[in-house]
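Residue strings, one per chain:
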Amino acid sequence: MSGVLGEMVADRLVPVVVLESAADARPLGDTLATGGIRVAEVTLRSDAGIESIRALADLPDFLVGAGTVINAEQVDRAVDAGARFIVSPGLLPEVVLRAQELGVTVVPGTVTPSEIMQALSFGLDTLKFFPASIYGGATAIKALGAPFPQVRFIPTGGVSAGNLTEYLALPNVVAVGGSWMVSPALIRAGRFDEIARLSREAGDAVRAADEDRS
Ligand code: 3PG
């Protein structure tokens, strides 16, 4: 995998971040980087999302994208703020098309065969699978691999250091995402030490999962 998508999944881990204050963005980015994670999906579900993306966009050796993007206008604002990729919880044509018009990597959320087929019709084959734990988890992703061998998934929703191995063991899972190492409660409390620890633990769990696979 090359380009921004390749960078996004390089560490097989995409933290999903909800920032309530843009002032926390840079310290959080530094903390993730210290913990070995060089990517963040900053969600637009909080008012501080756009300014947080702007604050992270020029962090060296770090890739920032926007998550929870649910309309085309948010695509514009996120890209203007420096988002290098767009993630959506579902598949909305206007979101995909605007990102493609702007030449920005887009990863829509899909769970059903029909949604996956629609994503394929837009030329997309790396897709978010959300909320993973509710829609059948690793068992569902494995089953979807039969009709869709060309599709690679990034499951999020209920993923943690304790269960990421079951996802990363699948050949059609390129990375997992989630908020467990960057919970809003930890950020609010300024517990960057704990975020660094959880990030390192997550990285260790990914490496252990990849060793098991090889
Ligand atoms: C997302 O947008 O991907 C999810 O909110 C992440 O789910 P989690 O909080 O269960 O990790």
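This structure is a prediction, so every number in the text was calculated from the model and none was measured. (Residues numbered from 1 in each chain as written. Predicted model: local features only at pLDDT ≥ 70, side-chain atom pairs only at ≥ 80, totals over all residues. Heavy atoms only, no water.)

*Asks:* Report on the side chain of R12, specifying residues and quantitative values.
*Replies:* By secondary structure assignment, the location of R12 is in the loop between α1 (3-9) and β1 (13-17). A distance of 3.2 Å separates a polar atom in the side chain of R12 from the backbone oxygen of L168. Contacts of R12, omitting those with residues within four sequence positions, involve L168, V173, V174, A175, V176, V206, D210 and R213. (Helix = DSSP H or I, 4+ residues; strand = E, 2+ residues; numbered from the N terminus. Polar contact = N/O pair within 3.5 Å; in protein donor to acceptor, adjacent residues only side chain to side chain. Contact = heavy atoms within 4.5 Å.)

*Asks:* Give me the environment of F148: which residues, what numbers.
*Replies:* Turning to its location among the elements, F148 is positioned in the loop between α7 (137-144) and β7 (152-155). Residue classification places F148 among the buried residues on the basis of a relative accessible area of 7%. Those residues within four positions of F148 in sequence are excluded, and the remaining contacts are P113, I116, M117 and L120. (Buried < 20%, exposed > 50% of the residue type's maximum accessible area, 1.4 Å probe, protein only.)

*Asks:* Explain the environment of T112 residue by residue, including any values.
*Replies:* Inspection of the secondary structure puts T112 in the loop between β5 (105-107) and α6 (113-121). On the accessibility criterion, T112 (31% relative accessible area) is partly exposed. It is 8.6 Å that separates the C-alpha atoms of T112 and L144, two residues lying 32 residues apart in sequence.

*Asks:* Before we move on, could you go through the side chain of T43 and cite the residues and values that matter?
*Replies:* Among the secondary structure elements, T43 is positioned in strand β2 (residues 39-43). A relative accessible area of 0% means that T43 is categorised as buried. Beyond its immediate stretch of four places on either side in the chain, T43 contacts V16, V17, V18, G49, G67 and T68.

*Asks:* So what's going on with the packing of helix α2 (residues 25-34) against helix α3 (residues 49-57)? Which residues, and what values?
*Replies:* Between α2 and α3, the least distance of the axes is 8 Å, while the angle of their chain directions is 50 degrees. In terms of axis orientation, α2 runs oblique to α3. In this structure, α2 meets α3 at a crossing whose hand is right-handed. Facing A25, R26 and G29 of α2, the residues of α3 in contact are S52, A55 and L56. (Axes fitted to C-alpha atoms, helices over the stretch in contact; angles between N-to-C directions. Parallel < 35°, antiparallel > 145°, perpendicular 65-115°, else oblique. Left-handed = near helix turned anticlockwise from the far one by under 90°.)

So yeah, pure geometry; function would need other evidence.
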